[in-house]
Amino acid sequence: MVKRGTGKKEKIIIFDTTLRDGEQCPGASLGTKEKLEIARQLALLGADVIEAGFPIASPGDLEAVKLVARNVKGPVICGLARSNKPDIDAAREALRLARRGRIHVFLATSKIHMKYKLRKAEGEILRLARQSVKYARRFTDDVEFSPEDASRSEREFLFRVLEAVIQAGAKTVNIPDTVGYAIPRQFGQLISQIRERVPNIHKAVISVHCHNDLGLGVSNSLEAVLNGARQVECTMNGLGERAGNASLEEIVMTIKTRKDVFKGMYTGINTRQICKTSRLVSKLTGMIVQPNKAIVGQNAFRHEAGIHQHGVLRKRTTYEIMRPEDVGFGGTSLVLGKHSGRHALEDRLRKLGYALSKAELDKIFLRFKELADKKKEVFNEDIAAIIEDEILVVPEIYSLEAVHTSSGTKTIPTATVRLRKGNEIFQDAACGDGPVDACCKTIDRITGIQCELLEYSLKAVTGGKDALGEVNVQVRAKNRVVTGRGASTDIIQASAKAYLNAINKLLFRKPPKVKGE
Ligand code: KIV
Ligand code: ZN
C-alpha cells in the first residue's frame, strides 16, 4: 500500500481511449470527422492523453489519428501499435504532426496468449518487447508499453518484461486487465508487487487499463490507484470491447468525491464537461447510455420515492453525494410519479407558480395520485391540466353565439359558427367529415388556432329524450394538450362549447414553466 498523508498533491493522469478501445465496442464505429469532434471535446474535458486510434488497423484509422494529431492541441495524442516495425511506422506517420505524440506498443505476456495466439516462447517475447520499445523511441521520447493480458501473466515473467521495456526507454508501463478477470484486491496487490519487484519502476509511470467483463473495471482501476498507479486508461460512458472499459466519469468522480480515501489525489478533468462529453459520444457512436448509468444516466440525479424527495427538499445531501452541476447535469429533479408524496407535489406546484389552499391541495393530490397510477411520470402539463379542471376558472375569451350545421346522407357536412370576443362578433363556415368536425374546423378558422382533436366523448348527464349531453374533448395545439368540457341539450352545441372551452384554455394559459428550469 502506498503511504499517504504527507499532504503531497498527486495527479492521476487520465488516458482516454474512447476513440480506440471505445470504438472497438461492437456497433460503435466512428468516421474521421466524428472522431475529431469527440477528440476536441475530450480536450475541453481535460483528458491528459487521447488514444486516437490504431493506425495500422485501417486507412480510416490512420487518417483519423492524423487528423486528431494535426488539429487537437493540449492533450498528448497517442497511437496504438503491436510490437513490430510496420505498426510502429504507421503510428509514427499518423502522429507526425502532433505537438506531443505518444506511441503505445503492446505485446501479450500471458501463457495462454503466448502459446495459442502468438506461438512464441518467453525469450522471444522479451526480445520483441525490448526491441519494439527501442524502435519506437527513435521517433518519440514518449513511449508506453502494455504487456497484454498482464493480470493473467506469470508474475515473475511480467516483472522481467517490465524491467526490460523500462530499460529500453518506455516512460509509461500500462498493466491491462485485458479480459476483465481481476478482482480489486488481487489487482491492487499486483500493482504493489510491481512497485516492489521491478527494480527500475521509479523511472516509469504505472498505468492501468481495466475491462469490465465482471463489472469490476472501475473498482480494479481505483484499487490500482490506491496502490500506486498514476495513470488510468478509461473511456467515456464505459464504452469498449465486449462489456467495455472502466468508465472515465466514474473514476474521475470517485476520486473527486471520496477525497477522504484518495487523499491528495486529483485529476485534470473539468468535471462540468462530463455530461456534454457523454452525450456527444453517445450521439456519435449511437450507443445509448442506460438511464441508471452512474454519473451520466438520465436518472442519476432524479428522485422519485416520496421519502427521498422529502429528504432532498429539506437537505439535498440526504440523498445526493455529488452536485449535479459539478458534472454538467441540469440539476436535481424530483420526478413526480406514483411513489411521490405531497411534499414533492407541493414543491412542484410552488415552482409552477400556484399558491393553493390546503383544501385545494388535497383535491389536486388525489387527482395526481390517480393519474400517477396510470402514467409512469406526471409532467408539468399534466399538473396544469388537473389544476384547470379542478380549480381554475378559465375566462371565456371566445363564447359561442350561434351554430348551424347541415348534414345528411347526400349533403356535405357544413357548419356556420358565430363567436363573440369582447364586443366583436366573428362568423365563418367550413366543411368537415361530419357536423362536429365541420364545427371544429370553423372554430379553428375564426380563432386562428389549428387544433388536433385527440379524444371526444359524449355522455347523457340527465335522463329522458331532452337529456343534457356533456361533451369532453382533449385537443392538442403546438405541442400542448388541453381538455375542454361543454354541456347542452343539443349535442352539436355541446361539442362546439367543449372545443371552445379547450381553445380558451390554450389562449388563457401559457405552457407551465418551472422556475429555474
Ligand atoms: O485490453 C487491452 O489489453 C488493450 C491493450 C492494447 C492495452 O486494449
Ligand atoms: Zn483494452
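In this text, all values refer to a predicted model and were calculated from it rather than measured experimentally.

1. Here's the deal with the nonpolar core
Phase 1: One finds Ile 77, Phe 145, Ile 175, Ile 194, Val 208 and Ile 274 to be the most contacted residues of the largest nonpolar core, which totals 95 residues.
Phase 2: Considering each element in turn, this core owes the most residues, nine residues, to helix H6 (residues 155-168).
Phase 3: Both domains that meet at this core, namely domain 1 (10-285) and domain 2 (302-390), each give it at least three residues.
Phase 4: With residues near it in sequence (within four places) discarded, Val 208 still touches Asn 174, Ile 175, Phe 187, Ile 191, Ser 221, Ala 224, Ala 229, Gln 231, Val 232 and Glu 233.
Phase 5: In terms of nonpolar packing, the next biggest core, distinct from the first, is built from 25 residues, Val 417, Ile 443, Val 475 and Leu 500 among them.

2. Comments concerning the sheet that holds strand E4 (residues 76-82)
Phase 1: Strands sit in the order E2-E3-E4-E5-E6-E7-E8-E9 around a closed barrel of eight strands; the barrel is parallel. The mean angle between the axes of side-by-side strands here comes to 25°, regardless of whether they run parallel or antiparallel.
Phase 2: Of the strands in this sheet, strand E7 (172-177) and strand E8 (205-210) touch helix H7 (residues 184-197), which is tilted by about 160° from E8.

3. Some words on the domain arrangement of the chain
Phase 1: Domain parsing of the chain yields domain 1 (10-285), domain 2 (302-390) and domain 3 (399-507).
Phase 2: The C-alpha centroid of domain 3 is placed 35 Å from the C-alpha centroid of domain 2.

4. Some words on the pairing of strand E3 (residues 49-53)
Phase 1: By the criterion of burial, E3 is predominantly enclosed, with five of the five residues buried.
Phase 2: Strand direction decides the pairing type here: strand E2 (residues 13-16) and E3, joined by two bridges, are parallel. Across the sheet, Asp 16 pairs through a bridge with Ile 50, a residue of E3.
Phase 3: With helix H1 (residues 32-45) bridging E2 and its parallel neighbour E3, the resulting β-α-β unit is right-handed.
Phase 4: Across four bridges, E3 lies against E4 in parallel orientation. The residue bridging Val 49 from the neighbouring strand is Val 76, located in E4.
Phase 5: Following the backbone out of E3, through helix H2 (residues 59-71) and into the adjacent parallel E4, one traces a crossover that is right-handed.

5. What about the layout of surface pockets?
Phase 1: Quantified by volume, the largest pocket comes out at close to 840 Å³.
Phase 2: What lines the largest pocket is a set of 28 residues, and nearest its centre among them are Arg 367, Ala 385, Asp 389, Gln 474 and Thr 483.
Phase 3: It is helix H14 (residues 380-390) that contributes the most residues to the lining of the largest pocket, six residues altogether.
Phase 4: Tallied by class, the residues present in the lining of the largest pocket amount to eleven nonpolar, six polar and eleven charged.
Phase 5: Counting the residues that make up the lining of the largest pocket, at least three belong to each of domain 2 (302-390) and domain 3 (399-507).

6. Some remarks on the packing of helix H12 (residues 342-351) against helix H13 (residues 358-374)
Phase 1: Packing of H12 against H13 brings their axes to within 11 Å, and their N-to-C directions diverge by 110°. Our classification of the angle between H12 and H13 gives roughly perpendicular. Pair H12 / H13 crosses with right-handed handedness. Here Arg 342, Leu 345, Glu 346 and Leu 349 of H12 lie close against H13, whose contacting residues are Leu 361, Asp 362, Ile 364, Phe 365 and Phe 368.
Phase 2: For the contact of H12 with H13, the per-class residue count stands at six nonpolar, no polar and three charged.

7. Here's the deal with the state of the cysteines
Phase 1: Within the structure shown, the criterion is met by zero disulfides.
Phase 2: Summary of cysteine pairing: Cys 25 is not part of a disulfide, and the nearest cysteine sulfur, belonging to Cys 234, is at 15 Å.
Phase 3: On the accessibility criterion, Cys 25 (8% relative accessible area) is buried.
Phase 4: No disulfide involves Cys 451; its sulfur sits 8.6 Å from that of Cys 440, the nearest cysteine.

Definitions and cut-offs
Residues numbered from 1 in each chain as written. Chains lettered and ligands numbered in written order. Predicted model: local features only at pLDDT ≥ 70, side-chain atom pairs only at ≥ 80, totals over all residues. Heavy atoms only, no water. Core = buried A, V, L, I, M, F, W, Y, C linked by side-chain atoms within 4.5 Å. Buried < 20%, exposed > 50% of the residue type's maximum accessible area, 1.4 Å probe, protein only. Helix = DSSP H or I, 4+ residues; strand = E, 2+ residues; numbered from the N terminus. Domains from an automatic or database assignment. Contact = heavy atoms within 4.5 Å. Pairing = 2+ DSSP bridges. Axes fitted to C-alpha atoms, helices over the stretch in contact; angles between N-to-C directions. Right-handed = clockwise from strand over helix to strand, strands pointing away. 1 Å grid on protein atoms, 1.4 Å probe; cavity = no way out; pocket = protein on both sides within 12 Å on 5 of 7 lines; lining within 4 Å. Points joined across faces, edges and corners; volume = space filled by probe spheres on them. Nonpolar A, V, L, I, M, F, W, Y, C, P; charged D, E, K, R; others polar. Parallel < 35°, antiparallel > 145°, perpendicular 65-115°, else oblique. Left-handed = near helix turned anticlockwise from the far one by under 90°. Disulfide = S-S within 2.5 Å.

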